[in-house]
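# Structural description and commentary
Okay, here's what each chain looks like letter by letter:
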Amino acid sequence: MTGTGNGPRGGEGAECGDGAPVAWEPVVRMAEALTAVPGIRGVLLGGSRARGTHRPDSDWDLGVYYRGAPDLGRLAALASAAQGSPVQVAGPGGWGPWVNGGAWLRVDGVPVDWILRDLDRVERVWEDCRAGRYEVGVQPGHPLGFWSPGYAGEVAYGRVLADPAGELTALRHRVRVEPGYPEPLRRALAGAAWEAEFSVAAAAKSAPAGDALHVSLCLARAFGVLAQALHAHHRRWLLNEKGALAATAALPGTPEGFADRVTACLTALDPGAVGAAAGLVREVRGVLDA
């Protein structure tokens, strides 16, 4: 999950495991209070706190799931009371089309982020995932775009803190257990690796002229697509770009030295780097086709 007070900021990481959340009473009380606000249906703990890989200074990322129009006045009042000073809450669309909105708070000196999520939209995206459909949308804070399956991944890897009607819990069960990672989505995302080859070919046209911006964008896009494809191949959700390189390198069967080779390509940005990137794309596609 990602979010800021006046715009989106980077999330806690690319891939989450199944670690138990660390209970912190102020956050538990906050989650319960949030579900008393009209429109709010449930609260999900995300990021490293949900998977138990957090540092002492890690944020508490709370997905605030709503239907209809949440009461922003009540949300702002609750946030201000929790922080002890005024807090601006960005409404739906205030942070862009995918991250949506929310607020940054500091509670007893600890950063707590609220990230609004439209539960109706999340459920629609999940149905798209089951059918093998996905979108990649332009979103501030996501330089490689927001990949819509991230909504489902957040539910799969998050921890329900408050859910009066059981809606989040039921959705989480569907995403994790029945049916779990959809085979049509796995095929679609793994099949999208063709775009990586296309992007590297585009970089090859610009590298001889020293067009570093175009080459870097093409190669970064290619490697981002490979990361998504490899995660899907292993039926694992990739939520965003942060930490994606290390997470992809750790997957079974990923070409040896993947992270170092990607880093070298993105550092050099010359014809040799483009050639090396093309070789890496071929290796990954071999893994996907095996």
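In what follows, the accompanying structure is described. (Residues numbered from 1 in each chain as written. Predicted model: local features only at pLDDT ≥ 70, side-chain atom pairs only at ≥ 80, totals over all residues. Heavy atoms only, no water.)

For the pair helix α11 (residues 258–268) and helix α12 (residues 271–289), interaxial distance at closest approach is 9 Å and the crossing angle is 150°. Relative to α12, the element α11 is oriented roughly antiparallel. By crossing handedness, the relation of α11 to α12 is classed as left-handed. Facing α11, whose interface residues are Phe258, Arg261, Val262, Cys265 and Ala268, α12 presents Ala273, Ala276, Ala277, Leu280, Glu283 and Val284. In terms of residue class, the contact of α11 with α12 is made up of 9 nonpolar, no polar and 2 charged. (Axes fitted to C-alpha atoms, helices over the stretch in contact; angles between N-to-C directions. Helix = DSSP H or I, 4+ residues; strand = E, 2+ residues; numbered from the N terminus. Parallel < 35°, antiparallel > 145°, perpendicular 65-115°, else oblique. Left-handed = near helix turned anticlockwise from the far one by under 90°. Contact = heavy atoms within 4.5 Å. Nonpolar A, V, L, I, M, F, W, Y, C, P; charged D, E, K, R; others polar.)

Our next topic: unusual backbone geometry. A cis amide bond links Glu178 to the next residue, Pro179, at an omega of 10°. Mapped onto the secondary structure, Pro179 falls in the loop between α6 (167–176) and α7 (183–191). Positive phi is not limited to glycine here, since Asn100 has a value of about 85°. Relative to the assigned elements, Asn100 resides in the loop between α3 (72–83) and β3 (102–107). Overall, Asn100 belongs to the buried group, its relative accessible area being 8%. Unlike most non-glycine residues, Arg235 shows phi in positive territory, near 60°. The topology assignment puts Arg235 in the loop between α9 (212–233) and α10 (244–249). The class for Arg235 is partly exposed, based on a relative accessible area of 43%. (Buried < 20%, exposed > 50% of the residue type's maximum accessible area, 1.4 Å probe, protein only.)

So, on to the packing of aromatic side chains. Summed over all chains, the structure comprises 7 aromatic pairs. Seen from their ring centres, Trp98 and Phe146 are 5.3 Å apart, and the 15° between their planes marks the pair as stacked. Note that Trp98 is positioned in the loop between α3 and β3 and Phe146 in strand β6 (residues 142–147), a separation of 48 residues in sequence. The two residues Trp98 and Phe146 agree in class, both being buried. Here the aromatic rings of Tyr134 and Trp147 are separated by 5.8 Å at their centres, their planes lie at 10°, and the arrangement is stacked. (Phe/Tyr/Trp six-rings, centres within 6.5 Å; stacked < 30°, edge-to-face > 60°.)

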